[in-house]
Amino acid sequence: MYHAKAYSAGSAVAPLARTAIARRDPSAHDVQIEILFCGICHSDLHQVRNEWSGVMPTVYPCVPGHEIVGRVARVGSAVRRFKPGDLAAVGCLVDSDRTCPECQAGLEQFCPQVTLTYNSPDQHLGGVTYGGYSDSIVVDERFVLRLPANLALAGAAPLLCAGITTYSPMRHWGVAPGKKVGVVGLGGLGHMAVKLSHAFGAHTVVFTTSPSKKDDALRLGADEVVLSRDAARMQKHAGSFDFILDAVSADHDIGAYIDLLRRDGNLTLVGAPEKPLSIAAFGLIFGRRSLSGSPIGGLPETQEMLDFCGAHNLTADVEVIPIQKVNEAYARLLQSDVKYRFSIDMASLKAE
Ligand SMILES: NC(=O)c1ccc[n+]([C@@H]2O[C@H](COP(=O)([O-])OP(=O)(O)OC[C@H]3O[C@@H](n4cnc5c(N)ncnc54)[C@H](OP(=O)(O)O)[C@@H]3O)[C@@H](O)[C@H]2O)c1
Ligand SMILES: [Zn+2]
Ligand SMILES: [Zn+2]
């Protein structure tokens, strides 16, 4: 066991603050990674504030962070895919039972015994797992991903959650040339969804509540931008979408988007607001539309997404911050004021 520097929250209302946490020494199959950048996902904020208490109550202290890139520092004796000095990445999952049908299909995100990167029971040290707001992490090599060498590290970190969470449902629902795709909410997930949908060749329409993001949406790859509070503009798109990805973190009217789907169109929720959303039955009945959700992605698809982003030179647009500004960043996240992902430069933690 060794100690790593980290930032943790002591309660749902406490700011994140500097702490030291225990990490296991790498055993035979483990990789110890020196973390260089970690993205800030809105899920970190939901979890730190215990907004998902009904499903995943937060255990304190909580060290969030699941968009991790870094360099391999040490490897266990049986590790074959990584050596010290290699770039490495870790997303939302750090373990699973590896034997269930989901794991065998490479869909570890659905494993009943999945271990999330933070706030999951820690099989090795007891307590719960601690995430990437830290200078170091130890992960089984099976859950460590390879990072394409051409991607800038600060912008690559958010691919590990925002990237895969948007890539996976768009692949599942067949986003491709000739399809009309909507992206609701231009935040961390939403802006990656726009870049990926554009790269897949779909006609991409952004729905935003922020007029100031209009030009950015077009620059990121959108073909059209709709201010979602403009009912008349929304109405022009009624019944026309094949697929809509909803990446909104707060309460909003999803019925307004379901009405924009064509026959057999699908709206997938990736946003996970604190409170239940309400749905009008006829929105789905008329047009045989469907509503679904999607969590992150499995290991093989996450690697596929990273390789796709490498080939297309896609990374997140990031605002790099020192870890000392993390509480300020959370406050801005709540105001939809980030363009478009905060990425923590972990050199700032090392220097503390
Ligand atoms: N399913 C999964 O596996 C998964 C993975 C990661 C994250 N998530 C969830 O996905 C959600 C988005 O995460 P994120 O990191 O992308 O968050 P984010 O960067 O804060 O973006 C959320 C965006 O939602 C829009 N929004 C916020 N409040 C709104 C409101 N009251 N009404 C309408 N629109 C609003 C804003 O976009 P505009 O300014 O453009 O309106 C905002 O930028 C969170 O709930 C997060 O927990 C789920
Ligand atoms: Zn996330
Ligand atoms: Zn499993």
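So, how was this worked out
Residues numbered from 1 in each chain as written. Chains lettered and ligands numbered in written order. Predicted model: local features only at pLDDT ≥ 70, side-chain atom pairs only at ≥ 80, totals over all residues. Heavy atoms only, no water. Helix = DSSP H or I, 4+ residues; strand = E, 2+ residues; numbered from the N terminus. Rg over C-alpha atoms; globule rule 2.2 N^0.38 Å. Contact = heavy atoms within 4.5 Å. Lys, Arg positive; Asp, Glu negative; His and termini not counted. Charge placed at Lys NZ, Arg CZ, Asp CG, Glu CD. Expected span 1.5 Å × (residues − 1). Buried < 20%, exposed > 50% of the residue type's maximum accessible area, 1.4 Å probe, protein only. Donors = N, O, S within 2.8 Å, 3.2 Å for Na, K, Ca; no water. Tetrahedral: all angles 85-135°; square planar, octahedral: opposite > 155°, others 65-115°. Near = heavy atom within 4 Å. Polar contact = N/O pair within 3.5 Å; in protein donor to acceptor, adjacent residues only side chain to side chain. Areas by Shrake-Rupley, 256 points an atom, 1.4 Å probe, with all protein chains shown as cover. Phe/Tyr/Trp six-rings, centres within 6.5 Å; stacked < 30°, edge-to-face > 60°. Lys NZ or Arg CZ within 6 Å of the ring centre and 35° of its normal. Pairing = 2+ DSSP bridges. Core = buried A, V, L, I, M, F, W, Y, C linked by side-chain atoms within 4.5 Å. 1 Å grid on protein atoms, 1.4 Å probe; cavity = no way out; pocket = protein on both sides within 12 Å on 5 of 7 lines; lining within 4 Å. Points joined across faces, edges and corners; volume = space filled by probe spheres on them. Nonpolar A, V, L, I, M, F, W, Y, C, P; charged D, E, K, R; others polar.

Q: I'd like a rundown of the overall build of the chain, residues and numbers included.
A: Counting its regular elements, the chain contains twelve helices and 16 strands. What you see for the chain is a C-alpha radius of gyration of 20 Å, in line with the 20 Å of a compact globule of 352 residues. Dimensions of the chain along its principal axes, counting C-alpha atoms only, are 60 × 40 × 35 Å. Contacts in the chain between residues far apart in sequence, at least 24 positions, make up 67% of those at least 6 positions apart. Between the mean site of the 33 positive side-chain charges and the mean site of the 36 negative ones, the chain shows a separation of 3 Å.

Q: Describe helix 5 (residues 188-199), with residues and values.
A: Over its twelve residues, helix 5 extends 17 Å from the first C-alpha to the last, a length consistent with the 16 Å expected when each residue adds 1.5 Å. The buried fraction of helix 5 amounts to ten of the twelve residues, a majority that puts the element mostly inside the structure. Of all the positions in helix 5, only Gly-188, Leu-189, Gly-190, His-191, Met-192, Ala-193, Val-194, Lys-195, Leu-196 and Ser-197 are classed as buried. At the exit of helix 5 stands Gly-201, carrying a positive phi of roughly 90 degrees.

Q: Give me the coordination of the zinc ion (ligand 3): which residues, what numbers.
A: Six octahedral donors around a metal ideally subtend angles of 90 or 180 degrees, whereas four tetrahedral donors ideally subtend 109.5 degrees. Around the zinc ion (ligand 3), the donor atoms from the protein are Asp-97 (OD), Cys-100 (SG), Cys-103 (SG) and Cys-111 (SG), and they sit 2.0 to 2.3 Å away. One can describe the donor arrangement at the zinc ion (ligand 3) as tetrahedral, given that its four donor atoms subtend angles of 99 to 117 degrees at the metal. Counting residues between consecutive donors of the zinc ion (ligand 3) along the chain gives the motif D-x2-C-x2-C-x7-C. Of the two residues, Cys-100 and Cys-103, both sit in the buried class.

Q: Which residues make up the site of ligand 1, and what values go with them?
A: As a structural note, the neighbourhood of ligand 1 is formed by 30 residues, with His-42, Thr-208, Thr-209, Ser-210 and Arg-341 the closest of them. A distance of 2.9 Å separates an oxygen atom of ligand 1 from a polar atom in the backbone of Gly-188. One of the backbone nitrogen or oxygen atoms of Leu-189 is found 2.8 Å away from an oxygen atom of ligand 1. Taking 930 Å² as the accessible area of ligand 1 by itself, protein coverage stands at 90%. For the shell around ligand 1, the secondary structure elements donating two or more residues are helix 1 (42-48) and helix 5.

Q: Any details on the packing of aromatic side chains? Residues and values, ideally.
A: Under the defined criterion, the tally for this structure stands at six aromatic pairs. A ring pair is formed by Tyr-167 and Phe-200, whose centres lie 5.6 Å apart and whose planes are at 65 degrees; its orientation type is edge-to-face. Note that Tyr-167 is positioned in helix 4 (residues 162-172) and Phe-200 in the loop between helix 5 and strand 10 (203-208), a separation of 33 residues in sequence. For Phe-200, a relative accessible area of 8% puts it in the buried group. Aromatic ring contacts, followed pair by pair, group Tyr-167, Phe-200 and Phe-308 into a single cluster. The ring of Tyr-2 carries the charged tip of Arg-74 above its face, separated from the ring centre by 5.9 Å. Arg-146 extends its terminal NZ or CZ atom over the ring of Phe-82, reaching a point 4.6 Å from the ring centre.

Q: Lay out the pairing of strand 12 (residues 241-246) in plain terms, naming residues and giving numbers.
A: Most of strand 12 sits inside the fold, with six of its six residues counted as buried. Here strand 9 (residues 180-184) pairs with strand 12 via four bridges, running parallel. Each residue of the ladder has a partner; that of Val-184, found in strand 12, is Asp-246. Note that strand 12 and strand 13 (residues 261-269) share five bridges and pair parallel. Looking at the pairing, Phe-241 lines up with Leu-261 of strand 13.

Q: I'd like a rundown of the nonpolar core, residues and numbers included.
A: Counting residues in each nonpolar core, the largest one holds 91 residues, and the members touching the most others are Ile-40, Tyr-133, Leu-159 and Leu-196. Ranked by residues supplied to this core, first place goes to strand 3 (residues 30-40) with six residues. Among the nonpolar cores identified, the runner-up in size contains 15 residues, and Met-234, Leu-261, Leu-267 and Leu-269 belong to it.

Q: Just give me the short version of empty space enclosed by the protein, but keep the residues and values in it.
A: Following the criterion strictly, the structure yields one cavity of 30 Å³ or more and no others. If you add up the space inside the largest cavity, you get close to 70 Å³. Lining the largest cavity are Gly-91, Cys-92, Leu-93, Leu-145, Leu-160, Ile-164, Ile-296, Gly-297, Gly-298, Leu-299 and Thr-302. In the lining of the largest cavity, the residues fall into seven nonpolar, four polar and no charged.

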